[in-house]
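Coordinate inspection notes
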Amino acid sequence: MANPEFDQENGMFYTYFEIYNLEPGGIYSTKSYIRDLNGEIHIENEAADTQAPARFDIVIDYLDVRDLQTGIYEYAVEVEDKSTGQTARASKRIYKIGQADMDELLYDDHYSFTAAELDSMFRVLRPLMTGEEIKNYRHGNIKAKQKLFVDFWKKRDTDMTTAVNEYYMTIRERIRHADKNFTYMNKGAASDRGRVLLKYGYPTEVQRSGFSGGDKNHEIWHYEGMRGKVIFVFCDLWGRGYYELIHSNMEGEVYNANWKAVIQGGAKNY
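Residues numbered from 1 in each chain as written. Predicted model: local features only at pLDDT ≥ 70, side-chain atom pairs only at ≥ 80, totals over all residues. Heavy atoms only, no water.

Quick look at the packing of helix α4 (residues 166–181) against helix α5 (residues 192–200) now. Axis separation between α4 and α5 bottoms out at 9 Å; the angle between their running directions is 160 degrees. Between α4 and α5, the interaxial angle falls into the category roughly antiparallel. You can see that α4 and α5 cross each other, and the crossing is right-handed. Touching Ile171, Arg174, Ile175, His177 and Ala178 of α4 are Gly194, Leu197, Leu198, Lys199 and Tyr200, all from α5. Grouping the amino acids of the contact of α4 with α5 by side-chain chemistry returns six nonpolar, two polar and two charged. (Axes fitted to C-alpha atoms, helices over the stretch in contact; angles between N-to-C directions. Helix = DSSP H or I, 4+ residues; strand = E, 2+ residues; numbered from the N terminus. Parallel < 35°, antiparallel > 145°, perpendicular 65-115°, else oblique. Left-handed = near helix turned anticlockwise from the far one by under 90°. Contact = heavy atoms within 4.5 Å. Nonpolar A, V, L, I, M, F, W, Y, C, P; charged D, E, K, R; others polar.)

With that settled, the discussion passes to helix α3 (residues 142–154). Taking 1.5 Å as the rise per residue, α3 with 13 residues should run 18 Å; its terminal C-alpha atoms sit 19 Å apart, in good agreement. Along α3, the residues that are buried comprise Lys145, Gln146, Leu148, Phe149, Val150, Phe152 and Trp153. Buried residues in α3 make contact with α1 (115–125), α2 (131–139) and α4. N-capping of α3 is provided by Asn141, with a side-chain oxygen placed 3.2 Å from the backbone N of Lys143. (Expected span 1.5 Å × (residues − 1). Buried < 20%, exposed > 50% of the residue type's maximum accessible area, 1.4 Å probe, protein only. Polar contact = N/O pair within 3.5 Å; in protein donor to acceptor, adjacent residues only side chain to side chain.)

Now for the pairing of strand β1 (residues 12–19). Taken residue by residue, a regular strand's side chains alternate between the two faces of the sheet. Residues Phe13, Thr15, Phe17 and Ile19 of β1 are buried on one face, while the alternating residues Met12, Tyr14, Tyr16 and Glu18, pointing to the opposite face, are not. Sheet analysis places β1 next to strand β5 (residues 57–64), joined by eight bridges and oriented antiparallel. Its bridge partner being in β5, Glu18 is matched across the sheet by Ile58. (Pairing = 2+ DSSP bridges.)

We now examine the packing of aromatic side chains. Geometrically, a pair of aromatic rings is defined through the distance of the ring centres and the angle of the planes. Per the stated rule, a full pass over the model turns up 14 aromatic pairs. Here Tyr14 and Tyr62 contribute two aromatic rings whose centre-to-centre distance is 5.7 Å and whose plane-to-plane angle is 45 degrees, an arrangement assigned as tilted. Of this pair, Tyr14 sits in strand β1 while Tyr62 sits in strand β5, and the two are 48 residues apart along the sequence. Take Tyr62: its relative accessible area is 46%, and that puts it in the partly exposed class. Each member of the aromatic cluster is reached from another via a ring pair, and the members are Phe122, Tyr137, Phe149, Phe152, Trp153, Tyr167 and Tyr168. Sitting over the face of the ring of Tyr137, Lys145 holds its NZ or CZ atom 4.6 Å from the ring centroid. (Phe/Tyr/Trp six-rings, centres within 6.5 Å; stacked < 30°, edge-to-face > 60°. Lys NZ or Arg CZ within 6 Å of the ring centre and 35° of its normal.)

Another point: the nonpolar core. Counting residues in hydrophobic clusters, the biggest one holds 36 residues, and the most contacted among them are Leu125, Val196, Trp221 and Phe232. At the level of secondary structure, the elements contributing two or more residues to this core comprise α1, α2, α3, α4, α5, β9 (218–224) and β10 (229–235). What Leu125 contacts, discounting residues up to four positions off in sequence, is Phe149, Phe152, Trp153, Ile171, Ile175 and Leu198. Counting residues in each nonpolar core, the second largest holds 17 residues, with Leu22, Val65, Leu68 and Ile94 among its members. (Core = buried A, V, L, I, M, F, W, Y, C linked by side-chain atoms within 4.5 Å.)

The next subject is the environment of Val59. Its place among the elements puts Val59 in strand β5. Separated by 29 residues in sequence, Val59 and Thr30 place their C-alpha atoms 9.0 Å apart.

Taken in spatial order, the four strands of this open sheet run β8-β9-β10-β11, and their pairing is antiparallel. The open sheet has two edge strands with one neighbour each: β8 (205–208) and β11 (244–248). The average angle at which neighbouring strand axes cross in this sheet is 20 degrees, direction not considered. Bridging between β8 and β9 involves four bridges; their strand directions are antiparallel. Bridged to Gln207 within β9 is Ile220.

All chains considered together, the criterion is met by 14 salt bridges. With a shortest N-O distance of 3.0 Å, Arg35 and Glu74 are connected by a salt bridge. Of this pair, Arg35 sits in strand β2 (residues 27–36) while Glu74 sits in strand β6 (residues 71–81), placing them 39 residues apart in sequence. Overall, Arg35 belongs to the partly exposed group, its relative accessible area being 22%. Residue Glu224 pairs with Lys229 through a salt bridge whose shortest N-O separation is 4.0 Å. Given the relative accessible area of 47%, Glu224 is considered partly exposed. (Salt bridge = Lys/Arg side-chain N within 4 Å of Asp/Glu carboxyl O.)

Encoded structure:
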């Protein structure tokens, strides 16, 4: 459980959680942190030791989130019972929205977007749109296109009971990550890696090639639990820093049974 609002005067994120199956009178250790969806830890509390009063205990935790940027994060807790060596972990997704960013999250402002701004958004979000939405966008006037994007976000809101559109927040965070990290030719979210990130989310594991040897530079994104084990293979085919999707075993994506041979072909001289 957590408190929902913060300000610059009182920027503490308070939570409480319950721990069970402790050894009465024994020592247990707790550690908490906030990480982004890419696994990077932004705020962390040092581990603290406590004597268990009984088989269970209630812990009140807090972290200062005033410097945390608007985005989607996970609040995570790790507990170790030092008497038995048993450990437990739990996490919960949280959304941090700064006051200055509130207006940006009101997607009704798409009604004021220009044709160029709408076309730019369409290029990024097209992989997430239905065939009907794509057709309506291509044949609609500017007013129809503006309304299409407002409706696009509203009908994908995963929890209508909250003031925040979680889907909008999720995709906005993925776009920010792609624009920051996939920078070749400023493609960002419109790049192959950006498209896959927007459509399927963050991979479970990323396997990157080194910068030596005969193989072309490449990345293999692994997704566990999504129709079994799914991979996406991106390769810098021309040695220019642009990673193209050359293979995936996901239905509907590009498939190349000889993708390993492509990677092992050696980087192009330039």
